[in-house]
Every structure is written in structure tokens, then in C-alpha cells.
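What the coordinates show
Each chain, letter by letter, is given below.
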Amino acid sequence: MNELLKILNEKFGLSEATAKSVVETVLGFVKGKLPEGLQGMVDKVLAGESLDNLGGGVMDAVKGLFGGDQK
């Protein structure tokens, strides 16, 4: 998340507090649109984890959201 905060600061000149508020608002919106099982994935990715490390069929679940085959 620090990387995203830095980008918001550099591109838009937002203070750290404002950038953090923007990110939290957007994350809340995005997580509210995801199924419960995938909401934690957003936090993990922002914490720097790779999607490859999340395991647990995450990619299959994401494919299912977009009409792909689930195993």
C-alpha cells in the first residue's frame, strides 16, 4: 500500500493523510464488490504478496467471476 500512497502523492500532490483516505475508500468499494472469500486477497496483494503465493484456488475463483471454468 505504501507504493500506492507514494504514487498518489507524486502524481496528484496529495498529502499522506489524504492519499490514505482515498486508498481506504477505493479499497472498501472494491472489497464490497468481491465475494467474501476474495476480499482478503486485496489486503494481501497490497501488503506485497504475489498472487502466486496466495494459493487456495484463488485464480480459479477469479476465473469463475468472469465466466471461466472452475476446477
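Residues numbered from 1 in each chain as written. Predicted model: local features only at pLDDT ≥ 70, side-chain atom pairs only at ≥ 80, totals over all residues. Heavy atoms only, no water.

What to know about the nonpolar core
- By size, the foremost hydrophobic cluster in this structure holds six residues: L5, L8, A19, V23, L27 and V42.
- Broken down by secondary-structure element, the contributors of at least two residues to this core are helix 1 (2-12) and helix 2 (16-33).
- Here this core gets three residues from one element, more than from any other, and that element is helix 2.
- Not counting chain neighbours up to four residues away, the residues in contact with V23 comprise M1, L4, L5 and L8. (Core = buried A, V, L, I, M, F, W, Y, C linked by side-chain atoms within 4.5 Å. Buried < 20%, exposed > 50% of the residue type's maximum accessible area, 1.4 Å probe, protein only. Helix = DSSP H or I, 4+ residues; strand = E, 2+ residues; numbered from the N terminus. Contact = heavy atoms within 4.5 Å.)

Points about the pattern of salt bridges
- Considering all chains together, one arrives at one salt bridge under this definition.
- The partner of E10 in a salt bridge is K6, with the nearest N and O atoms 4.0 Å apart. One end of the pair is E10 and the other is K6, both in helix 1 and four residues apart, which spans about a single turn. Here E10 and K6 have matching classes, each one exposed. (Salt bridge = Lys/Arg side-chain N within 4 Å of Asp/Glu carboxyl O.)

Brief notes about the packing of helix 2 against helix 3 (residues 36-46)
- Relative to each other, helix 2 and helix 3 sit at 140°, their axes nearing to 8 Å. The residues of helix 3 that touch helix 2, namely those facing L27, V30 and K31, are Q39, V42, D43 and L46.
- Partitioning the contact of helix 2 with helix 3 into residue classes produces four nonpolar, one polar and two charged. (Axes fitted to C-alpha atoms, helices over the stretch in contact; angles between N-to-C directions. Nonpolar A, V, L, I, M, F, W, Y, C, P; charged D, E, K, R; others polar.)

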